[in-house]
Amino acid sequence: EESAGGEEGQVSGQVSGQVSGQIRDPNQRLHDRLQMFHLAEIDLATVTTSEYLALKEPHWHTKGGWTTQRSFDGLERRLLHAMMTNGNFTIVITGNWRNMGYGGNHVWQAMAGKMEVLLTELFQRLGVTLAVRAVGLPPLEKEGLSVTPLEAAGLNVGGRETLVHAMGWSSILGGDVDMVIWEDDGVDDDETNKERKGDEFSAQLFDFFARQALLAGTSHLPFLWGGNFHVLRNLHQYADVDVGQLGNGLFGVPETTKEELAYTLPWASQYLKCEKDQLKTACRKEEYQFQSRCWTGEGSATPQLDRIPILPTAVGWRMQQAKAYTAAYNLLAALLDAMDTWSERTIYEGQPLTDEYWHIGEYITNIREKVKALTEEDAPHCFQLEKSIKLPNRLCRNALKGRTEYTPRANPMETSIRSIVVPSETGATVAETNEMNPLEGMAVDEFVDNVPAGEVDPLELLHLEKNLRLRERYLGRRWLRTTSRTRDNKNISQWLGSLPDKKSSPKGNENDRPLQRRLEDPSIRTSNGWQLLHSLPGNDNCDGTLASTASCGVSPSSSCYLEGHQGARGGIWGDDTTGWLNMKVTEMECGYVALNLEIGGRKVRHRAANVRKLESERLLSNKLPDEFVFEYSVDNVVSTLDKPQFLERLEYPVPGMTLLTLVNDEASTTAKDVSIGVRVRGCSGVECQIGLTHVYWC
């Protein structure tokens, strides 16, 4: 008879192929489990710095993390509200590509996918609909976007990759969020013992992200996990925000002491915790940290790789799932306390549970108003972005809306740019060519075996394994069998060369017209030729949940059909042959409208960082012809920017973003609908193409 090594037993000897062992004391095992996921409750009135936190709770980042008593009570209140109303409980997990599971993992191996599998059925039994929304993007390089060494260094510091979503938080990430896990930490060679602190700029960006999350909705208010300690403390102390930082649970993971003895440990913990320097390199071997396959059938439209390509610094599935278990444990601990409150109070006070324990209306209003009233003295980081990247201070106090063709996103059909495009009287709008999904009719019984035979399955402990394992298999099979319509990505190369030759520009010598003018015709009409490119087949279904993977689909040109991630940087593309693209943004209140653009075909364009604006202008100046002209309209007032003016107006806040501000009116306080139009004139060819990926406003 063979006993499991590591945490279940201690190997004492081996005779004739048999392993004998001694079972550890049950009380000690329970103590170790509690330590593994221990969530420290600290007093932020006395813990004023991250350095003091490290002295007071030196192992929080390898256990369950930390929070405050008031914040944990707030999480319980949210759960009670969801149970009392039989409503939704929505978790958003967002961050950089490593922490979102890109670079070598399947989507269901990532933190968000694992949390959805672990918790969905349990919440359903409580009458609550759980949604775990993973909103992240693959590395820029994967989609043909160049990154300089300086930009890569900035991304490695952390904080940069969530700005593109945060500027449209209430739309792109959703206003219905109850809990946020921010995972845009930097790269650290030591996963087990160090807190990644980032730099001052990443703290500023996280403060902006957090405020937009808190202002996004009126009936939901997120608990904030992750991010800069000082930002979290300011929000907690001055605006009553519920905050915490998650650990990774490695404190309770048995250590791999020898490479050849790793098999004696539980499967999920093998090669996960390697503290000896001579073992760290061995434990990072790809075969230990990644397990994937790209295809198990025959006749794929595109030749398939054996496995998902593994990128340097990618985080393997074992660490992904350790973080998922830690977050799930904390949520379940709050759920247990919430149910205890419900039980105890109704025993003594009778049914139903009184409003004071679960109503959230006044709770939300109090925090939102205090966030809006924060001063630069109390919480300075967000306000410093006006100097760092020219983001107006009022955006720290007002919720931004947005539309994008990036995926995933919340409510994808309602939050695409196409949803605000105004068709012309003749029906001209953004072109979407359809193509059958190459996976149609294919059937694969299993993707990747989640738990090998004979190993511990955590779902068995909850007696949910039957329903959930069937659900996992159903989701996998449905993904491969679903018939969905796709926008034609095969023709991208043709569009990069030249867009359809359908002239829509007004006649006459346009270069002689004034810089700003009101057109005689009071409407800017959308013309034919604008094209949706670089998107996934089911763009309007990609909401970041594991359950939507089937309908989101996979690009026909993908070399790994089973990867499953929904991240894609789609956009609406045009050039001087495509005329105007007219849009209508609703309820612009604080006088701000900005566009996120791509300039030039994706194979020749350049990304830029805020620290290299002059260099970015030089690169674009060399590519754009002198005849290049960009025009935009705001309520039919047309502004014309020649090449130097256009380059001067562009801002590069983080790698992957090129912002052009169209409206910046500090005096605006009344909500109104505004018509926005854009077009390119003066030159044709790939270097003159414009891709519109985001529209932001408030």
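In short, a report on the structure. (Residues numbered from 1 in each chain as written. Predicted model: local features only at pLDDT ≥ 70, side-chain atom pairs only at ≥ 80, totals over all residues. Heavy atoms only, no water.)

### Quick word on the overall build of the chain
- The helix and strand inventory of the chain stands at 20 helices and 24 strands.
- Taken across its 698 residues, the chain has 57% of its residues classed as buried.
- Pairs at least 24 residues apart make up 80% of the contacts formed inside the chain by residues separated by at least 6 positions.
- About 28900 Å² of surface is accessible on the chain, with carbon and sulfur atoms providing 49% of the total. (Helix = DSSP H or I, 4+ residues; strand = E, 2+ residues; numbered from the N terminus. Buried < 20%, exposed > 50% of the residue type's maximum accessible area, 1.4 Å probe, protein only. Contact = heavy atoms within 4.5 Å. Areas by Shrake-Rupley, 256 points an atom, 1.4 Å probe, with all protein chains shown as cover.)

### Quick notes on the sheet that holds strand 5 (residues 88–95)
- Taking strand neighbours across the sheet as the criterion, the 7 strands line up as 3-4-9-8-7-5-6 in an open arrangement whose pairing is mixed. The open sheet is flanked by strand 3 (39–41) and strand 6 (129–135), the only strands paired with a single partner. Direction aside, neighbouring strands of the sheet carry axes that sit 20 degrees apart on average.
- One ladder, built from 2 bridges, connects strand 8 (residues 223–225) with strand 9 (residues 243–246); its direction is parallel. Bridged to W225 within strand 9 is G244.
- Here helix 4 (residues 111–125) sits on the sheet in contact with strand 5, strand 6, strand 7 (179–183) and strand 9, set at roughly 175 degrees to strand 6. (Pairing = 2+ DSSP bridges. Axes fitted to C-alpha atoms, helices over the stretch in contact; angles between N-to-C directions.)

### Remarks on the environment of G574
- With respect to the secondary-structure elements, G574 resides in strand 17 (residues 571–574).
- The class for G574 is buried, based on a relative accessible area of 0%.
- When the C-alpha atoms of G574 and G600 are compared, they prove to be 10.0 Å apart, with 26 residues separating the residues in sequence.

### As for the packing of helix 3 (residues 69–85) against helix 12 (residues 317–349)
- At a minimum axis distance of 8 Å, the contact between helix 3 and helix 12 shows a crossing angle of 70 degrees. Judged by the inter-axis angle, helix 3 sits roughly perpendicular to helix 12. In terms of crossing hand, the pair formed by helix 3 and helix 12 is right-handed. Taken together, the residues of helix 12 that come into contact with helix 3 (itself represented by F72, L75, E76, L79, L80, M83 and M84) are N330, L331, A333, A334, L335, D337, A338, M339, T341 and W342.
- Taken together, the residues that form the contact of helix 3 with helix 12 break down as 13 nonpolar, 2 polar and 2 charged. (Parallel < 35°, antiparallel > 145°, perpendicular 65-115°, else oblique. Left-handed = near helix turned anticlockwise from the far one by under 90°. Nonpolar A, V, L, I, M, F, W, Y, C, P; charged D, E, K, R; others polar.)

### Brief notes about the nonpolar core
- The biggest cluster of nonpolar side chains holds 63 residues, and the ones touching the most others in it are W66, M167, W169, F208, L224, V241 and Y592.
- At 10 residues, helix 8 (residues 200–215) tops the list of elements feeding residues into this core.
- If we ignore the near neighbours within four places in the chain, the residues touching F208 are L163, A166, M167, C382, L385, L391, L395 and L400.
- With 41 residues, the next largest nonpolar core counts Y102, V132, W225 and I310 among its residues. (Core = buried A, V, L, I, M, F, W, Y, C linked by side-chain atoms within 4.5 Å.)

### Comments concerning the state of the cysteines
- Tallied over the full model, the rule gives 6 disulfides.
- Paired by a disulfide, C382 and C396 hold their sulfur atoms 2.0 Å apart. With the S-S dihedral at roughly -95 degrees, the linkage between C382 and C396 falls on the left-handed side. Note that C382 is positioned in the loop between helix 13 (361–372) and helix 14 (385–389) and C396 in the loop between helix 14 and strand 10 (401–404), a separation of 14 residues in sequence. C396 matches C382 in its accessibility class, with the two residues each being buried.
- Covalent S-S linkage joins C683 and C688, the inter-sulfur distance amounting to 1.9 Å. Judged by the sign of its S-S torsion, about -120 degrees, the cystine formed by C683 and C688 is left-handed. Take C683 and C688: they sit in the same class, and that class is buried. (Disulfide = S-S within 2.5 Å.)

### Here we look at unusual backbone geometry
- Geometrically, the link from Q351 to P352 is a cis peptide bond, its omega value of -5 degrees lying close to zero.
- With respect to the secondary-structure elements, P352 resides in the loop between helix 12 and helix 13.
- The step from T407 to P408 runs through a cis peptide bond, and the omega angle for that step is 0 degrees.
- Considering the arrangement of structural elements, one finds P408 in the loop between strand 11 (406–407) and strand 12 (434–436).
- A positive phi angle, near 65 degrees, is found at Y271, a position not held by glycine.
- Examined against the element boundaries, Y271 turns out to sit in the loop between strand 9 and helix 10 (277–283).
- With phi around 70 degrees, N636 is a residue other than glycine that occupies positive phi space.

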